[in-house]
Amino acid sequence: MRKDRLAHYRKMLVDKHRQLVEEVGKSALYGKGQEDDSIKDLGDQATTAYTREFLFELGNGDRRLLKEVVTALQKLDEGAFGSCERCGEAIAEKRLEALPFARYCIECQRAIEEEERMATG
Ligand SMILES: [Zn+2]
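Residues numbered from 1 in each chain as written. Predicted model: local features only at pLDDT ≥ 70, side-chain atom pairs only at ≥ 80, totals over all residues. Heavy atoms only, no water.

*Asks:* Whenever I open this one, the overall build of the chain confuses me. Can you help?
*Replies:* Each helix and strand counted, the chain has five helices and zero strands in total. For the chain, the N- to C-terminal ordering of α and β elements is α-α-α-α-α. Of all 121 residues assigned to the chain, the portion counted as buried reaches 23%. Across the chain, the fraction of contacts at a sequence separation of at least 24, relative to all contacts at a separation of at least 6, is 56%. Of the roughly 8,600 Å² that the chain leaves accessible, carbon and sulfur atoms contribute 53%. (Helix = DSSP H or I, 4+ residues; strand = E, 2+ residues; numbered from the N terminus. Buried < 20%, exposed > 50% of the residue type's maximum accessible area, 1.4 Å probe, protein only. Contact = heavy atoms within 4.5 Å. Areas by Shrake-Rupley, 256 points an atom, 1.4 Å probe, with all protein chains shown as cover.)

Here it is, written out as structure tokens:
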């Protein structure tokens, strides 16, 4: 892949990384059980519990995504960025443009999702 393309993806990944660190940091605060008066004022325990659970779930998703972004940055440093971790083929630039942290080409991603669906029933 050309150097200017790699620099472009690195910038995207670094921006995403910064954004996720902020998000994960915020949800970690909720996880510690900080009382938020604006939530308490709703006076609905069920809603509060639901909101907490939702934020916690979001935090988990962000953490997983953060790990993928870090992995992609490592691949950039190792010169392995842009190749599929399953078949070794180049990942389409259109796909990387949307998901710069994609680990697999579209064919392998589909195959993996199919396998996961079979495994979980
Ligand atoms: Zn592949």
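*Asks:* Looking at this structure, how should I read the coordination of the zinc ion?
*Replies:* Where a metal carries four tetrahedral donors, each ideal angle is 109.5 degrees; where it carries six octahedral donors, the ideal angles are 90 or 180 degrees. The zinc ion binds to the protein through Cys 84 (SG), Cys 87 (SG), Cys 105 (SG) and Cys 108 (SG); the donor distances cover 2.3 to 2.4 Å. Classification of the site at the zinc ion rests on its four donor atoms, whose angles at the metal span 104 to 116°, yielding the label tetrahedral. Each donor residue of the zinc ion belongs to the same chain, with the gaps between them written as C-x2-C-x17-C-x2-C. The partly exposed category is assigned to Cys 87, whose relative accessible area is 41%. (Donors = N, O, S within 2.8 Å, 3.2 Å for Na, K, Ca; no water. Tetrahedral: all angles 85-135°; square planar, octahedral: opposite > 155°, others 65-115°.)

*Asks:* I keep staring at the confidence of the model for the chain and nothing clicks. Help me out?
*Replies:* Low pLDDT means the predicted coordinates in that region are not meant to be read closely. With 73% of its residues at a pLDDT of 70 or more, the chain shows a mean pLDDT of 83. Across the chain, the secondary-structure element scoring lowest on mean pLDDT is helix α2 (residues 37-40), at 50, and the one scoring highest is helix α4 (residues 93-98), at 96. (pLDDT = per-residue confidence, 0-100.)

*Asks:* Can you walk me through the pattern of salt bridges in this structure?
*Replies:* Side chains that differ in sign of charge can pair as their charged atoms come close. Scanning all chains against the criterion turns up ten salt bridges. Each of Arg 5, Glu 93 and Glu 97 takes part in one network of salt bridges that share partners. (Salt bridge = Lys/Arg side-chain N within 4 Å of Asp/Glu carboxyl O.)

*Asks:* Sorry if this is basic, but what is going on with the nonpolar core here?
*Replies:* As a rule of thumb, nonpolar side chains are buried together in soluble globular proteins. Formed by 18 residues in total, the largest nonpolar core has its most connected members in Leu 13, Val 69, Phe 81 and Cys 84. Elements represented by at least two residues in this core include exactly α1 (3-31), α3 (45-78) and α5 (106-120). The element contributing the most residues to this core is α3, with five residues. Residue contributions to this core reach at least three from each of two domains, namely domain 1 (1-81) and domain 2 (84-121). (Core = buried A, V, L, I, M, F, W, Y, C linked by side-chain atoms within 4.5 Å. Domains from an automatic or database assignment.)

*Asks:* Before we go on, may I ask you to explain the environment of Met 12 in this structure?
*Replies:* Here Met 12 is to be found in helix α1. For the pair formed by Met 12 and Leu 99, sequence separation is 87 residues and the distance between their alpha carbons is 9.5 Å. Contacts of Met 12, omitting those with residues within four sequence positions, involve Leu 96, Glu 97 and Pro 100.

*Asks:* Can you walk me through the side chain of Asp 62 in this structure?
*Replies:* Of note, Asp 62 is situated in helix α3. Comment: no salt bridge for buried Asp 62; closest opposite-charge side chain is Lys 16, at 6.9 Å. Apart from the residues within four sequence positions on either side, Asp 62 is in contact with Leu 20, Glu 23 and Val 24. (Lys, Arg positive; Asp, Glu negative; His and termini not counted.)

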